[in-house]
Amino acid sequence: MKGIGVSPGIVIGRVLLKEEKQILVEKRDIKNYEEEIQRFKRAIESGKSEIQDIYDNVLKNMGETEASIFEAHLMILEDPEMVEQVEKKIEENKVNAEWALKEISEMFISMFEAMDNEYMKERAADIKDVTSRLMKKLLNIEEVNFSELVNEVIIVAHDLTPSDTSQIDKNKVLGFITEIGGRTSHSAIMARTLEIPAIVAVKDVTTKVKNGDLIVFDGEEGLIHINPEEQIVKLYEDKKAEYNKSQKQLSLLIGKESITIDGIRVELAANIGTPKDLESVINNDGEGIGLFRSEFLYMDRKTAPSEEEQFEAYKEVAEKMKNKPVVIRTLDVGGDKELEYLNLPKEMNPFLGYRAIRVCLDKVDIFKTQLRAILRASAYGNIKIMFPMISSIEELRAAKAILQEVRNELIKENIKFNEKLEVGIMIEIPAAAIISDLLAKEVDFFSIGTNDLIQYTTAVDRMNEKISHLYNPFHPALLRLVKLVIDSAHKENKWVGMCGEVAGDPKLIPILIGMGLDEFSMSPISILKARGIIRNISQDKMRDLAQQVINLPTAEEVENFIEKNINLKH
Ligand code: PEP
Ligand code: MG
């Protein structure tokens, strides 16, 4: 089978299927109700010990706030009220435990949901969670918890949400395969950050494999072999050894400068989602953080993180990066990143809808809390602020005005922050690229977000695997826009970076060098390869090639031209 290889590495291992089973509960008459009550009690005990384990794990790896969700779940199972009512129903109506649980839990859920108080409403969600856990126990449906795996596995799923991937234990998950997604979907980005080989957009793969099947795959090529012959396994073992050797060679570039043959120095920075990702940045010798996707701090929880929590996270990153630049992007939710507690409406076109800066300019309290946290953390390192999804001067001014308000508040309160903190924007909407000459006058820097810029320029949904062949970074329209943006920034003496996936694309890096890009921000695992390429090219020569490339008519010709004229084997 074949999909899109989104995270490199060779994998040989056994399948663990993440199944999305519908829970169907039937009513059955029960003769021996005492036995049925015992069965229910056993489900409760096993559910409790499972939740306790998750609680311990989350507390250790994530923190108290995240763990408190599971504390609430335990309390529900320890509270006699609901449990006793289920037992009573089994006894009085002589029905099966599943049916009794369904009836009683639905009653509690609707009672809590009808309450006016937000806290009580959240209890309804907790009861739903706990009930579904118990139901799976009673019905013998296996639940997979990615943070508690015992054996090494390859996860095969229809999709992995950002919360699934954030729970992955990379010592146990050798790789993953999903049915949907593309190179820039968040599961793919997370795979690269975690350095887990992955393939996405493999149609119907969940119906083609079963738990325990042997799979081998190459996360770059996108080819998957299911229960292959010994010969193929041997081939992949050799490939794996070769891959490890080339990784070792790349490690020789640690500590070296990112400089072209003709002496042009650029910055090779990393994209991260949480402070945990710093390990990979440091291992791969990242020269800064060019994109801190702050929205990951807002995920997997029931309320937005407080100013203090955010401050701690931003400060930790700034301090660990030791004065190297750290660009914190303000909250970018919407699109494929949902936050339940924000109650974002379901939309026909979420990528064209209520997203990123549009949400922040509307929910000013949330925005201000984040800006306060970032400004406060700016006293501890080289932090810069970046606004996502800017499409007009008006939006930029509105965001800057709120930032100014927050600055004034901090000054009044005598709280220190870096008064010279740089403020930049992402250029990821064609409108912004087209008016980049005007925007450049009002910011300190740009960072080009090609993941979105490609989808908005070519009208190709970055998540839709049916049209993923149309999502093409070699499209001349993209290259022309990139050139325009770089020139606009330089005319105003501003620096310009790129934090979309194109920044780490070995074929396009030389062209970007030729166009004069100052900073490249990418998945940490791509940094050393990029450095190897940059150290072997001259900007002068690439300038010439870049000029020729943007005059080519098709993406295919662009790609062929690069392959023919630039030696990429370093
Ligand atoms: C981008 O759009 O290129 C980008 C870096 O942002 P995200 O992938 O988080 O939308
Ligand atoms: Mg984007």
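The coordinates are above.
As a starting point, this report considers the structure included with it.

For the rest of this paragraph, the subject is the sheet that holds strand β15 (residues 519–522). The strand order around the closed barrel built from 8 strands is β8-β9-β10-β11-β12-β13-β14-β15, with neighbouring strands paired in parallel fashion. Here the strands of the sheet are splayed against their neighbours by 25 degrees on average, with no regard to which way each runs. Of the strand pairs in this sheet, strand β14 (residues 495–498) and β15 are connected by 2 bridges, and their pairing is parallel. Paired with G497 across the two strands is E519, which belongs to β15. Its contacts with the sheet put helix α18 (residues 476–491) on β12 (423–427), β13 (445–448) and β14, and the angle it makes with β14 is roughly 150 degrees.

Right, let's get into unusual backbone geometry. Even without glycine at this site, A201 takes up a positive phi of about 60 degrees. With respect to the helices and strands, the residue A201 is situated in the loop between β5 (198–200) and α8 (205–208). Residue classification places A201 among the buried positions, given a relative accessible area of 14%. Look at N343: it is not a glycine, yet its phi comes out positive at around 50 degrees. Look at N343 and you get exposed, because its relative accessible area is 66%.

Our focus in this paragraph is the packing of aromatic side chains. Evaluation of the coordinates by the stated rule reveals 4 aromatic pairs. Geometrically, the ring pair formed by F292 and Y314 is edge-to-face, given 5.7 Å between the ring centres and 80 degrees between the ring planes. Highlighted residues: F292 in strand β9 (residues 289–293) and Y314 in helix α11 (residues 307–320), separated in sequence by 22 residues. An angle of 5 degrees between the planes, with centres 4.5 Å apart, marks the rings of F445 and W495 as stacked. In this pair, F445 sits in strand β13 while W495 sits in strand β14, placing the two residues 50 residues apart along the sequence. You can call F445 buried: its relative accessible area is 0%. Judged by relative accessible area, W495 falls into the partly exposed class, the value being 22%. Above the plane of the ring of W99 lies K102, whose end atom (NZ or CZ) is 4.8 Å from the centre. Positioned over the ring face of F311 is R376, at 4.1 Å from the centre of the ring.

Right, let's get into the coordination of the magnesium ion (ligand 2). Metal coordination angles in their ideal form are 109.5 degrees for the four-donor tetrahedron and 90 or 180 degrees for the six-donor octahedron. Coordination of the magnesium ion (ligand 2) by the protein involves E428 (OE) and D452 (OD), with metal-donor separations of 2.0 to 2.1 Å. Note that E428 is positioned in the loop between β12 and α15 (430–434) and D452 in helix α17 (residues 450–458), a separation of 24 residues in sequence. For D452, a relative accessible area of 2% translates into the label buried.

With that settled, the discussion passes to the sheet that holds strand β7 (residues 224–226). A sheet is described by the order of its strands in space; here 7 strands give the open sequence β1-β5-β4-β3-β2-β6-β7, paired in mixed fashion. Single-partner strands in this sheet number two, and they are β1 (4–7) and β7. Each strand of the sheet is rotated relative to its neighbour by a mean of 30 degrees, with strand direction disregarded. Examined bridge by bridge, strand β6 (residues 214–218) and β7 share 3 bridges and lie antiparallel to one another. Each residue of the ladder has a partner; that of V216, found in β7, is H225.

On to the side chain of D336. Following the sequence through the fold, D336 ends up in the loop between β10 (325–329) and α12 (357–362). Buried and unpaired, D336 has no salt bridge, with K337 as the nearest side chain of opposite charge at 5.2 Å. Setting aside its immediate chain neighbours within four residues, D336 contacts S185, H186, F351 and M463.

Conventions we followed
- Residues numbered from 1 in each chain as written.
- Chains lettered and ligands numbered in written order.
- Predicted model: local features only at pLDDT ≥ 70, side-chain atom pairs only at ≥ 80, totals over all residues.
- Heavy atoms only, no water.
- Pairing = 2+ DSSP bridges.
- Helix = DSSP H or I, 4+ residues; strand = E, 2+ residues; numbered from the N terminus.
- Axes fitted to C-alpha atoms, helices over the stretch in contact; angles between N-to-C directions.
- Contact = heavy atoms within 4.5 Å.
- Buried < 20%, exposed > 50% of the residue type's maximum accessible area, 1.4 Å probe, protein only.
- Phe/Tyr/Trp six-rings, centres within 6.5 Å; stacked < 30°, edge-to-face > 60°.
- Lys NZ or Arg CZ within 6 Å of the ring centre and 35° of its normal.
- Donors = N, O, S within 2.8 Å, 3.2 Å for Na, K, Ca; no water.
- Lys, Arg positive; Asp, Glu negative; His and termini not counted.
- Salt bridge = Lys/Arg side-chain N within 4 Å of Asp/Glu carboxyl O.

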